[in-house]
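Working through the structure, step by step
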Amino acid sequence: MDVIAHGGAGSPPDDPSSRQTVLDNAAARGLDAATPLDAVVATINVLESDPAFNAGVGSAVQSDGDIRTDAGLMTDDGEVGAACAMRGVEHAVDVARAVLEETPHVLLAGEPARDFAFAHGIETDGNLWTERTRNRWQDASPGESVSDHLAWLADHFGGHDTVGAVATDGERIAAGTSTGGRWGALAGRVGDVPQIGAGFYTSSAGGASATGAGEDIAREALARAAVERLESGGTPQTAAREAIESFEERAEGTAGVIVLAEDGTAGSAYSSDAMQTATARR
């Protein structure tokens, strides 16, 4: 099994060394998995449970004071599952997997997605707050109405961070991404992460997971753009670099992407100030 993981593209982290250790351990966790899909889910689960990352515990807060999580998964045979806008769900990637395996759909959203998660034994009442997010939110004053929230987020919406992974066993490939969204987003906002081709994408050539300014990533279909470059014969590193270069030319925000080919070679690129990645191979 070969695994590459990222911890989000954004500002340099306060403690990059400890975050890197978690990333390395998360990627290594995927090595023991039976399938690439298992590997991606196992890797992302570790990152969703660590408050240093904006996914699961420690996720960003939306304008109504709620935390909502999103995730998406795809395999090289075109199987897809995604779920978004879920309160209290630490392991959004588990819900995405259940959508992939148990339904004919590709995306479930909001309270019905949360009900679906509960019906499949996934925790839906988790405490996703951390001391860091509580301290930051206690100074927020977005108001009560939607118009109040819109005025408030003009000055507060921003930041971006996500976790993701891609894995292959030399024959099969899977990619996934999970997030708590962007800070101060309008309640109910959904970014690129659960959108096929934006936050994640896989084909027989390889897979990609994107991170960064979600609205821009969705407009540019960043993950699919990277995989298309693999399909055209590029190496994973070339695919990642060219996809980000094209993104920079067309978008105002910053982003990053990891790419893994069927043969286990990996690449990554980013236009933000930092993006930590980890690879594991067996």
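What comes next is a walk through the structure. All figures in this text were calculated on a predicted structure; none of them were measured in a lab. (Residues numbered from 1 in each chain as written. Predicted model: local features only at pLDDT ≥ 70, side-chain atom pairs only at ≥ 80, totals over all residues. Heavy atoms only, no water.)

Moving on, we get to the overall build of the chain. For the chain, the helix and strand inventory stands at nine helices and eleven strands. Whereas a compact globule of 282 residues would reach a radius of gyration of roughly 19 Å, the chain reaches 17 Å, a difference of no more than 12%. Over its C-alpha atoms, taken along the principal directions, the chain stretches across nearly 50 × 45 × 35 Å. The contacts in the chain between residues at least 6 apart in sequence include a share of 68% that link residues at least 24 apart. A total of about 11,300 Å² of accessible surface is found on the chain, and carbon and sulfur atoms cover 44% of it. Across the chain, the 19 positively charged side chains and the 44 negatively charged ones have centroids separated by 1 Å. (Helix = DSSP H or I, 4+ residues; strand = E, 2+ residues; numbered from the N terminus. Rg over C-alpha atoms; globule rule 2.2 N^0.38 Å. Contact = heavy atoms within 4.5 Å. Areas by Shrake-Rupley, 256 points an atom, 1.4 Å probe, with all protein chains shown as cover. Lys, Arg positive; Asp, Glu negative; His and termini not counted. Charge placed at Lys NZ, Arg CZ, Asp CG, Glu CD.)

Moving on, we get to the side chain of Asp2. Looking at where Asp2 falls in the secondary structure, it is placed in strand β1 (residues 2–10). A polar side-chain atom of Asp2 sits 2.5 Å from a polar atom in the side chain of Arg281. Leave out the neighbours within four places in its chain, and Asp2 touches Val166, Ala167, Thr168, Leu260, Gly264, Ala280, Arg281 and Arg282. (Polar contact = N/O pair within 3.5 Å; in protein donor to acceptor, adjacent residues only side chain to side chain.)

Mapped onto the elements of the fold, Ala198 is located in the loop between β6 (173–179) and β7 (200–203). Considered as a pair, Ala198 and Glu220 are 22 residues apart in the sequence and their alpha carbons are 7.2 Å apart. Discounting residues that sit within four places of it in the chain, Ala198 has contacts with Asp192, Ala210, Ile217, Ala218, Ala221, Leu222 and Ala223.

To continue, consider the sheet that holds strand β3 (residues 80–87). A sheet is described by the order of its strands in space; here seven strands give the open sequence β4-β3-β2-β6-β5-β1-β11, paired in mixed fashion. This sheet does not close on itself; its edge strands, each paired only once, are β4 (107–109) and β11 (274–281). Strand-to-strand, the axes of this sheet are offset by a mean angle of 10 degrees, without reference to chain direction. For strand β5 (residues 163–168) and β6, the ladder comprises six bridges, and the chain directions are antiparallel. If you follow Gly164 over to β6, its bridge partner there is Thr177. (Pairing = 2+ DSSP bridges. Axes fitted to C-alpha atoms, helices over the stretch in contact; angles between N-to-C directions.)

Function-wise, these values are silent; they only describe arrangement.
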